Protein chains: 2
Amino acid sequence: MAVGSTLGRRLPVMADVAKEAGVSHQTVSRVLNDHPNVRSETRTRVLQAIDKLGYRRNLVARALVTKHSRTLGVVSFDTTLYGPASTVYGIEQAARAAGYFVSIVSLKSIDRAGVRDALDYLADQGVDGIVVVAPQRSAACALDDLPLGVPTVAVEGGEAGGVPVVSVDQVEGGRLATEHLLSLGHETVWHVSGPSDWLEAEGRVAGWRAALEQAGREAPRPLAGDWSPRSGYEAGRSLASMRNVTAVFVANDQMALGVLRAFTEQGVRVPERVSVVGFDDIPESEFFSPPLTTIRQDFGAVGRHSIEVLVRQLEGGPQERERLVVPPVFVARASTAWA
Amino acid sequence: MAVGSTLGRRLPVMADVAKEAGVSHQTVSRVLNDHPNVRSETRTRVLQAIDKLGYRRNLVARALVTKHSRTLGVVSFDTTLYGPASTVYGIEQAARAAGYFVSIVSLKSIDRAGVRDALDYLADQGVDGIVVVAPQRSAACALDDLPLGVPTVAVEGGEAGGVPVVSVDQVEGGRLATEHLLSLGHETVWHVSGPSDWLEAEGRVAGWRAALEQAGREAPRPLAGDWSPRSGYEAGRSLASMRNVTAVFVANDQMALGVLRAFTEQGVRVPERVSVVGFDDIPESEFFSPPLTTIRQDFGAVGRHSIEVLVRQLEGGPQERERLVVPPVFVARASTAWA
DNA sequence: CACTTCTTTGTTAACGCTAACAACAGTTGA
DNA sequence: TCAACTGTTGTTAGCGTTAACAAAGAAGTG
């Protein structure tokens, strides 16, 4: 690509290419859009002109007339956390592979108004579709009043207002963790949960409860955390002081780290005296002391599926009210042992 | 905002609002853009019409004529890692506060071609400016051939081709870590470095070397990792088998976790026999066993500054060849002790 | 009172592209 | 020979907005 004749001047437009190639601008457009009826000799002449002038088509002008920007909007919450970050990454990769740009709004806090603003913001910008990573009840609610006419998919969105949802089966994950601990002979399993307004936290609690119930065990009162290692640490200190605790299912790996730390400080040995299971399988978990048994979520798959569903809608499909569930995977390591 | 008369029809445009308010479309435009010369009575009539029709302005059309999209592009590498994720988050927050959208391209691998493509991709889309998170030498090189005319800022970009750079002072960080260990009476300090093509890794090595040299100590051969806990673990196994190692500066916290794990397995006590310092201060570090002494990077500040510099350029400032450096902060915890 | 100036509004022409239709050659077929 | 078709290209008219200029009235000034 050369800069050539337009050096220092304004960027070349389609008309410049047309003149250079001795055709009409419409023929240039046809070449660019792979229309069938262009003589191959004409096509090469146009391509040469494009190359010579260093022409790049103006996608804004294109979007104005086609009404499609080939941009997807993503609304997420705190992309500093491993889960959201991985999900957004998966979404971005899948979107690009499908030929779409991604415009991201990362919310600091999620109230209904914040999500609404973000959605309006994206709709204004002319995105073709939106993925909302809505792990909280409040965010999921905001999906009830969507910008009209913009196809939307929710990730981890519960029964979000009429839009398709892609999520990891949190209930199943909670069940897997709990059943594993029960199968090791533990009388019951304690639980450090995530914040109560998070759907994921709720799902894990439900799975944990279901597994205990099925085994005919009493469910102890869960300890509530906020996903942070510190909150896990505090829960861990409480648990360490209780003699009857032998198994703990912690709702994410970061809090599990805090629990492990508290146990170490209090001289509670893992897994000899207490077994611990986490959730997420962050890259660090394998190197905790001891390496953490956990439930892996395939965030990449969630991202890919959400884009698949969205693109299917964009490209003509009907607004199906589908619900895609990605199964979690149990990962055995060294933080759990026989009672 | 009501949906009103256009229910089920096409979205209302400026002309519809104009007709509703009994003015010309240009007057509507003036109201929307806060032009001074509009009679206040006219203004309220227009605003009422906007509200009644549920009108939202078409930013694509606006961008076509103004040549500004109020969108910034961000090119980053693997936003799953804590550092890049935090930086991008900081950028996004700052950009939104400044009234800009953010379009993100997250590269899987960074070769020069990949970065180039991403830049073209964004330039095509009509972004007003670009932030490149270019922590690798290869990425930084790609800044040499930038899309013409799009203001750009590099984050962690070394001496990137003529564009402003915002970064954390990695050399100073490496120095802080090493000096701390030397001040505790350690004879010398070993180093587990990041990948050699990362500028950050290089800076930390340089700081470590400088501190040792200044103290008149021999620098041992550094062990190379790839930022992952696993590579730290492997380095840790090597170090554990060497009797003369009493202090290790690890180039990031994730690898430090791996080192700690290897030491634990081999019965090497931290900090009693070996002191360990990490880098980054990820949220987990405080809860490692033992809590990790480390160097904190203020990723949020880096993001904010990069947007500041970029916006200053966009809004008329000259393309200054500036270099903004954010100082790292030493964080003392329990993984270091007197030799 | 004529003259300039200011305020408010409207009219017209872009911005760079694609869609729709028109036009023209070169076939083909009756 | 004329009509109908086919493949290729050009012409025109938008998309929805802002910029530039024009115009009309109000207000100030000598």
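The structure contained in this document is the topic of the report that follows. All figures in this text were calculated on a predicted structure; none of them were measured in a lab.

## As for the protein's contact with DNA strand D
- Inspection of the region around DNA strand D gives 27 residues, with A:S24, A:T42, B:M14, B:S29 and B:Y55 positioned closest.
- Across the atoms of DNA strand D situated within 4 Å of the protein, the share located in sugar and phosphate is 61%.
- Between DNA strand D and A:T27 there is a distance of 2.8 Å, counted from a phosphate oxygen to a side-chain nitrogen or oxygen.
- B:R57 places a polar side-chain atom, nitrogen or oxygen, 3.2 Å from a phosphate oxygen of DNA strand D.

## Details of the protein's contact with DNA strand C
- Surrounding DNA strand C, one finds 27 residues, the nearest of these being A:M14, A:S29, A:Y55, B:S24 and B:T42.
- Of everything in DNA strand C that lies within 4 Å of the protein, sugar and phosphate atoms constitute 59%.
- The contact in question runs from a base oxygen of DNA strand C to an N or O atom on the side chain of A:H25, over 3.1 Å.
- A distance of 2.8 Å separates a phosphate oxygen of DNA strand C from a polar atom in the side chain of B:T27.
- Breaking the surface near DNA strand C down by element, the ones donating at least two residues are helix 2 (25–32) and helix 4 (59–66) of chain A together with helix 2 (25–32) and helix 4 (59–66) of chain B.
- The dominant element in the surface near DNA strand C, judged by the number of residues it contributes, is helix 4 of chain A, at five residues.

## Examining the environment of B:L59
- Mapped onto the fold, B:L59 is located in helix 4.
- Residue class for B:L59 comes out partly exposed when judged on its relative accessible area of 22%.
- Excluding residues within four positions of it along the chain, B:L59 makes contact with A:D124, A:Q125 and B:F101.

## A closer look at the sheet that holds strand 9 (residues 275–277) of chain B
Residue and element names in this part refer to chain B.
- One open sheet accounts for four strands, arranged 7-6-8-9; its pairing is parallel. Two strands close off the open sheet at either side, each with one partner strand: strand 7 (223–224) and strand 9.
- As judged from the three bridges shared by strand 6 (residues 190–193) and strand 8 (residues 247–250), these two strands associate in the parallel manner. By the bridge assignment for strand 8, V192 is matched with V250.
- Along the sheet, helix 8 (residues 170–183) contacts strand 8 and strand 9; its crossing angle with strand 8, the most-contacted strand, is approximately 165 degrees.
- Against the sheet, helix 9 (residues 199–214) engages strand 6 and strand 8, with an angle of about 170 degrees to strand 6.

Rules behind the numbers
- Residues numbered from 1 in each chain as written.
- Chains lettered and ligands numbered in written order.
- Predicted model: local features only at pLDDT ≥ 70, side-chain atom pairs only at ≥ 80, totals over all residues.
- Heavy atoms only, no water.
- Near = heavy atom within 4 Å.
- Polar contact = N/O pair within 3.5 Å; in protein donor to acceptor, adjacent residues only side chain to side chain.
- Helix = DSSP H or I, 4+ residues; strand = E, 2+ residues; numbered from the N terminus.
- Buried < 20%, exposed > 50% of the residue type's maximum accessible area, 1.4 Å probe, protein only.
- Contact = heavy atoms within 4.5 Å.
- Pairing = 2+ DSSP bridges.
- Axes fitted to C-alpha atoms, helices over the stretch in contact; angles between N-to-C directions.

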